[in-house]
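Spelled out, the chains give:
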Amino acid sequence: MQPGNTQKQLKNKPKTKTGIIEKTIPLFAKSGFSGVSMRQIARAVGINAASLYHHFPDKETLYVAAVQQAFATREFVLSEILSLDIPVHEKLHQFIKRICDFMQEDPDFSALIHREILDGDGDENRLQLLAGHVFQKIFSSVLSMAKELAPDKDPHLLAISIFSLVAYHYQTMPIRIFLPGGKPEHNDSEVVANHVTSLLLKGVERDKDT
């Protein structure tokens, strides 16, 4: 190995748990939990396996930490929107718009969400950890919004529909453009947010009228 390469590797070597997690997020986003080993992660991150295990006792702990860190700053923004004292219909639109922005702007974040929420491998223990440590707080806030939006509906199902309509739209992005009627503007976050919000609000209003 050339001296220059060694110096570059040492310079890029993460020195903290946060640094390790930041370098690990793209690996999990690309390969999923089962698609990458701790030894492969250590090699990609630039540390030895023993050092990696010193910070994270197992891959599950590292994975949950990676998803948690990827979601942390976004959760803060979403929580601020959900706490706004504005009409619930406007709050719904702002919330959906920000999720669309996150999914479109950060492929790694989008991939992590798709893998765990839409493509989960059935590992109940890991899913429970993710639900409790990553998604529970924001989901509880969305439940409150759902109750305000449609008091006569099951808030859990409505909250799931809000997330699913956005997530599946971005999961199908690679193929949608080739399907009949597909347009480039369908990938614009404002277009998606307006569409999803309109569907939800029309559905809620129609149910109220029946």
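Residues numbered from 1 in each chain as written. Predicted model: local features only at pLDDT ≥ 70, side-chain atom pairs only at ≥ 80, totals over all residues. Heavy atoms only, no water.

**Structural notes on the packing of helix α6 (residues 88-105) against helix α9 (residues 155-171)**
No. 1: At their nearest, the axes of α6 and α9 sit 10 Å apart, and the two run at 30° to each other. Overall, the two elements α6 and α9 adopt an arrangement that is roughly parallel. As α6 runs across α9, the sense of the crossing is right-handed. Taking contact as the criterion, the partners of Leu92, Phe95, Ile96, Ile99, Cys100, Met103 and Gln104 in α6 are, on α9, Ile162, Phe163, Val166, Ala167 and Tyr170.
No. 2: Taken together, the residues of the contact of α6 with α9 break down into eleven nonpolar, one polar and no charged. (Axes fitted to C-alpha atoms, helices over the stretch in contact; angles between N-to-C directions. Helix = DSSP H or I, 4+ residues; strand = E, 2+ residues; numbered from the N terminus. Parallel < 35°, antiparallel > 145°, perpendicular 65-115°, else oblique. Left-handed = near helix turned anticlockwise from the far one by under 90°. Contact = heavy atoms within 4.5 Å. Nonpolar A, V, L, I, M, F, W, Y, C, P; charged D, E, K, R; others polar.)

**Concerning the pattern of salt bridges**
No. 1: The tally for this structure, following the rule as stated, stands at three salt bridges.
No. 2: Arg74 is the partner of Asp106 in a salt bridge, and the nearest nitrogen-oxygen pair spans 2.5 Å. Separated by 32 residues along the polypeptide, Asp106 in the loop between α6 and α7 (107-118) and Arg74 in helix α5 (residues 59-82) bring together distant segments of the chain.
No. 3: Assessed through its relative accessible area of 23%, Asp106 is described here as partly exposed.
No. 4: Two residues, Asp101 and Lys97, come together in a salt bridge whose shortest N-O distance is 3.0 Å. With Asp101 and Lys97 both in helix α6 and four residues apart, the pair spans about one turn of that helix.
No. 5: Among the ionic contacts, a cluster of salt bridges with common partners joins Lys97, Arg98 and Asp101. (Salt bridge = Lys/Arg side-chain N within 4 Å of Asp/Glu carboxyl O. Buried < 20%, exposed > 50% of the residue type's maximum accessible area, 1.4 Å probe, protein only.)

**What about the confidence of the model for the protein chain?**
No. 1: Counting all residues, the mean pLDDT for the protein chain is 86, and 88% of those residues have values of 70 or more.
No. 2: No element of the protein chain has a lower mean pLDDT than helix α1 (residues 3-12), at 44, and none a higher one than α6, at 95.
No. 3: Throughout residues 1-11 the model reports pLDDT below 50, and contacts reaching past four residues in sequence, or to other chains, amount to three contacts. (pLDDT = per-residue confidence, 0-100.)

**Quick word on a nonpolar patch on the surface**
No. 1: Where nonpolar side chains cluster on the molecular surface, the patch consists of Ile175, Ile177, Phe178 and Leu179 and spans about 420 Å² of accessible area.
No. 2: Here Phe178 is to be found in the loop between α10 (173-176) and α11 (189-209). (Patch = residues over 30% accessible without salt bridge, like charges linked within 9 Å, V, L, I, M, F, W, Y side chains within 5 Å. Areas by Shrake-Rupley, 256 points an atom, 1.4 Å probe, with all protein chains shown as cover.)

**Observations regarding the nonpolar core**
No. 1: Counting residues in hydrophobic clusters, the biggest one holds 58 residues, and the most contacted among them are Leu52, Phe95 and Ile96.
No. 2: For this core, the secondary structure elements donating two or more residues are α2 (17-31), α3 (38-45), α5, α6, α7, α8 (124-149), α9 and α11.
No. 3: Considering every element that reaches this core, the biggest residue donor is α5, with eleven residues.
No. 4: The contacts of Phe95, once residues within four sequence positions are left out, are Leu78, Ile81, Leu82, Ile138, Val142, Met145, Ile162 and Phe163. (Core = buried A, V, L, I, M, F, W, Y, C linked by side-chain atoms within 4.5 Å.)

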